[in-house]
Each structure stands twice: as structure tokens, then as C-alpha cells.
Amino acid sequence: DRPLPAVPPPPFPMTAGDAAMGPIEAYDDDAISPEWIMNTMEVLEKATWRREAALEEIFPVRVFSKLLKDCRRLFDKEPTVVDIEVPRDARINIVGDTHGQYHDVLTLLKSAGMPSEKNLFVFNGDFVDRGAWGVEVFSTLISWKLCYPESVFMTRGNHESSSCTQAYGFYREL
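> What is the right way to look at the overall build of the protein chain in this model?
Summing up its helical and strand segments, the protein chain has 7 helices and 3 strands in all. Seen in sequence order, the protein chain has helices and strands lined up from the N terminus as α-α-α-β-α-β-α-β-α-α. Counting over 174 residues, the protein chain shows a buried share of 48%. Contacts in the protein chain between residues far apart in sequence, at least 24 positions, make up 80% of those at least 6 positions apart. Here the protein chain has roughly 9,900 Å² of accessible surface; of this, 52% comes from carbon and sulfur atoms.

Written out as C-alpha cells, the structure is:
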């Protein structure tokens, strides 16, 4: 159950036609596009408002697994410590502790703008646990990382450890 006592109702009508939004299709092997991510974010957001929608119906395991594997390959190539150079005509946004709060992440991205070569992001860990939508948050962040690997940076927080994910809910969410 995913209660939302402090979140306003969705700004769009929920109809049976919304089921046609999913499932999320796999992205091209060549590259993940901003359009694919925006579509995925929209599908995931609408799914959060539908209690009867099972995540695996909306986000097929094969698509989520591909996303994880592709991101793992990218992370394996990166050094543990990175220096981030912000271009003169760009800005950097530093975000921490999203804790599975997908609507907060969406609001933040709408407010700050989506990641791009001119709009860099550092996500300082604790992406999951406590909130009800850790999979949605994590998949959105790693999608942007795959799309803009030189503009999106992610650090692992304590809530990305095995013990915390088991204690605080992300393990069960998966």
C-alpha cells in the first residue's frame, strides 16, 4: 500500500485509458534519449496515482534489468572520485536524500529543469527507502545518468547499502 496523505490529487483525470500508457518500452541499444526518459517519467507518475497498477505491469522486469545493467557498465568505468567542471554557461544542481519520494523528484526536476549538458546534477545518495517509490526514483535518476553521463553524477548513500535497503523497505519494493 502506498498512502499519500500530504500529496494533492493528480492534475489530470485518471481514466481507464491511462492503462494504455504502459508498459514502458525498451529503449534503443545505441542510446537512451531524453524523450524516452520523459515518457517513462510520465508513465511512472501516472502509475503512482493508480493503486491497482502493479509496477511490473507498467515497468517490465526486462526493461528495468536492462537499465540497471547498462548503468552498472557505466558506473564500472567511472573513477570513485570525480572532479566536476561546470561550463561557464551552465549550472549545477546538488540534490540529496530523495528517499523514494518520486513526486518530490518530479517537482525538483520541473523546477530546476531536466538534466542536460548545460544543466548538471549531483545526486548525493539516499535515493531509496522510506518513501513508497524508490524504484521510480532510482530508475529515473539512472536513466538521466545514462543519457548525460558527463552531466549527471550520483553518489551512494547509506540507504543504498544492503542492510539499509532491507531495514527500510527498498528490498521489499524490488
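That covers the picture; the talk isn't over yet.
> I tried to follow helix α3 (residues 61–77) on my own but got confused; where do I start?
Since the α-helix packs 3.6 residues into each turn, any two residues three or four apart lie on the same face. Relative to the 24 Å expected for 17 residues at 1.5 Å per residue, α3 spans 24 Å between its end C-alpha atoms, a close match to the ideal helical length. Of the surrounding secondary structure, the elements contacted by the buried residues of α3 are α1 (34–48) and α5 (134–147).

> Please clarify how a nonpolar patch on the surface should be interpreted in this entry.
A surface patch of nonpolar side chains, amounting to about 370 Å² of accessible area, comprises V82, I84, V86, I92 and I94. Counting through the fold element by element, I92 comes out in strand β1 (residues 91–96). Judged by relative accessible area, I92 falls into the partly exposed class, the value being 34%.

> I'm lost on the sheet that holds strand β2 (residues 119–124) in this one. Help?
The strands that make up a sheet pair up through hydrogen bonds in the backbone, lying either parallel or antiparallel. The strand order across the open sheet formed by 3 strands is β1-β2-β3, and the pairing between neighbours is parallel. The sheet terminates laterally at β1 and β3 (152–155), the two strands that pair on one side only. Taking the axes of each pair of neighbouring strands and ignoring which way they run, one obtains an average angle of 15° across the sheet. With 6 bridges joining them, β1 and β2 adopt parallel strand pairing. Across the sheet, V95 pairs through a bridge with F123, a residue of β2. Across the sheet, α5 is in contact with β2 and β3; its angle to β3 comes to roughly 135°.

Thresholds applied
Residues numbered from 1 in each chain as written. Predicted model: local features only at pLDDT ≥ 70, side-chain atom pairs only at ≥ 80, totals over all residues. Heavy atoms only, no water. Helix = DSSP H or I, 4+ residues; strand = E, 2+ residues; numbered from the N terminus. Buried < 20%, exposed > 50% of the residue type's maximum accessible area, 1.4 Å probe, protein only. Contact = heavy atoms within 4.5 Å. Areas by Shrake-Rupley, 256 points an atom, 1.4 Å probe, with all protein chains shown as cover. Expected span 1.5 Å × (residues − 1). Patch = residues over 30% accessible without salt bridge, like charges linked within 9 Å, V, L, I, M, F, W, Y side chains within 5 Å. Salt bridge = Lys/Arg side-chain N within 4 Å of Asp/Glu carboxyl O. Pairing = 2+ DSSP bridges. Axes fitted to C-alpha atoms, helices over the stretch in contact; angles between N-to-C directions.

Keep in mind these values describe shape, not function.
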